[in-house]
Amino acid sequence: MVYAGFCFSAKTPDTHSAWAQWSRARMVVPRILAYQQGHRGGAIVAGVLEPGCDEGALRAKLEKIGRSALGDIRMDDEYSLLTKQSAVGEPGVAGREHWCSTVAAATAEIRSGALEKVVLARCASIESKVRPLVLLRSLSERNRRGYSFCVGNPRRGYFVGATPETLARVEQGGLTAHALAGTAPRGGTPQEDRIRGEELASSTKNRHEHGVTLAAIREALAPVCQSLHVDASPKLV
């Protein structure tokens with residue numbers, strides 16, 4: 001298994017200090033891959049079999065590393081996010097005004113036809129003593145239908161997150177891509193969930209946003225695929 005990460009745009013420099021040590025793109029074959037399926041879990045250990053290498057000795061070495069890794073990644077004793085945290089650089093009035101002006105500028109660009117879709121984000125700094133693997137486990141339990149990840153090391157820092165999307169999956173010569181566009185908050189009850197889902201599915205704005213994303217994926221995949229199958233209408237996730 002290969003893990004890959006790419007920045008949104010290689011042309012736009014990222015001036016935020018948190019990303020200073022990260023490259024524009026990175027692909028990693030993990031030496032140790034811990035996984036969990038339901039109540040069972042394990043570890044996959046990768047190694048390089050050089051020409052003339054003793055396969056049995058390498059296998060024994062990898063098994064030893066795997067057993068050791070499973071002992072190191074147990075987190076039950078420290079599985080708590082109730083640590084003291086403090087936010088640095090709260091948005092405040094000035095930050096809110098800047099955000100609103102950015103949204104207004106992006107909206108004007110869309111109305112003028114210069115842009116079709118804009119994804120805006122804000123940066124917040126939070127001081128916390130939560131261990132990366134503990135945070136990863138919390139994200140995984142809260143996003144069971146999504147993908148949670150943790151990449152990095154103690155010297156450079158960790159990139160931890162969760163996403164419900166599959167950028168690309170290649171299996172037996174077929175490529176599958178899932179992209180989400182258009183969101184709504186969950187309801188407090190199943191009935192509220194149903195109502196909000198119906199409103200989302202019928203929203204002109206959200207259906208247009210989904211169409212823009214779909215067109216971009218189709219344009220990107222068409223040159224490298226023999227045929228494409230696209231769902232006739234969006235589905236709720």
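All values derive from a computational prediction rather than experimental measurement. (Residues numbered from 1 in each chain as written. Predicted model: local features only at pLDDT ≥ 70, side-chain atom pairs only at ≥ 80, totals over all residues. Heavy atoms only, no water.)

**Digging into unusual backbone geometry**
Phase 1 of the analysis: Residue Gln-172 is not a glycine yet carries a positive backbone phi of 55 degrees.
Phase 2 of the analysis: Within the secondary structure, Gln-172 is located in the loop between β9 (166-171) and β10 (174-178). (Helix = DSSP H or I, 4+ residues; strand = E, 2+ residues; numbered from the N terminus.)

**Digging into helix α3 (residues 132-142)**
Phase 1 of the analysis: Listed in full, the buried residues belonging to α3 are Val-134, Leu-136 and Ser-138.
Phase 2 of the analysis: In this fold, the buried residues of α3 make contact with β7 (147-153) and β8 (157-163). (Buried < 20%, exposed > 50% of the residue type's maximum accessible area, 1.4 Å probe, protein only. Contact = heavy atoms within 4.5 Å.)

**Let's talk about the pairing of β8**
Looking along a regular strand, one sees side chains alternate from face to face of the sheet.
Phase 1 of the analysis: As paired elements, β7 and β8 share seven bridges and run antiparallel to each other. Of the residues in β8, the one forming a bridge with Ser-148 is Ala-162.
Phase 2 of the analysis: The turn joining β7 and β8, which pair antiparallel and follow one another in sequence, is formed by three residues. (Pairing = 2+ DSSP bridges.)

**Here we look at the environment of Leu-33**
Phase 1 of the analysis: Within the element layout of this structure, Leu-33 appears in strand β3 (residues 32-37).
Phase 2 of the analysis: Separated by 32 residues in the primary sequence, Leu-33 and Met-1 have C-alpha atoms spaced 8.8 Å apart.
Phase 3 of the analysis: If sequence neighbours within four positions are ignored, Leu-33 has contacts with Met-1, Tyr-3, Gly-42, Ala-43 and Ile-44.

**Observations concerning the pattern of salt bridges**
Phase 1 of the analysis: Counting across every chain of the model gives seven salt bridges.
Phase 2 of the analysis: Its salt-bridge partner being Glu-141, residue Arg-137 comes within 3.5 Å of it at the nearest N-O pair. Taken together, the residues span about one helical turn, with Arg-137 and Glu-141 both in helix α3 at a distance of four residues.
Phase 3 of the analysis: Residue class for Arg-137 comes out partly exposed when judged on its relative accessible area of 23%.
Phase 4 of the analysis: Put simply, Glu-198 and Arg-194 hold a salt bridge, and the shortest N to O gap is 3.2 Å. Remark: Arg-194 and Glu-198 occur in helix α4 (residues 190-202); sequence separation between them is four residues, near one turn of the helix. (Salt bridge = Lys/Arg side-chain N within 4 Å of Asp/Glu carboxyl O.)

**Regarding the packing of aromatic side chains**
Phase 1 of the analysis: Taken as a whole, this structure holds one aromatic pair when the rule is applied.
Phase 2 of the analysis: Aromatic side chains Phe-149 and Phe-159 sit 5.1 Å apart centroid to centroid with 65 degrees between the ring planes, which places their arrangement in the edge-to-face category. Of this pair, Phe-149 sits in strand β7 while Phe-159 sits in strand β8, placing them ten residues apart in sequence.
Phase 3 of the analysis: Its relative accessible area of 35% is what places Phe-159 among the partly exposed residues. (Phe/Tyr/Trp six-rings, centres within 6.5 Å; stacked < 30°, edge-to-face > 60°.)

**So, the environment of Ser-23**
Phase 1 of the analysis: Tracing the chain through its elements places Ser-23 in the loop between β1 (3-6) and β2 (25-28).
Phase 2 of the analysis: Taking the relative accessible area as the measure of exposure, Ser-23 reaches 46% and is therefore partly exposed.

**Examining the pairing of β9**
Phase 1 of the analysis: When β9 meets β10, the two strands line up antiparallel, connected through four bridges. From the neighbouring strand, Glu-171 faces β10, where its bridge partner is Gly-174.
Phase 2 of the analysis: Connecting the antiparallel pair β9 and β10 is a turn made up of two residues, with Gln-172 showing a positive phi of about 55 degrees.

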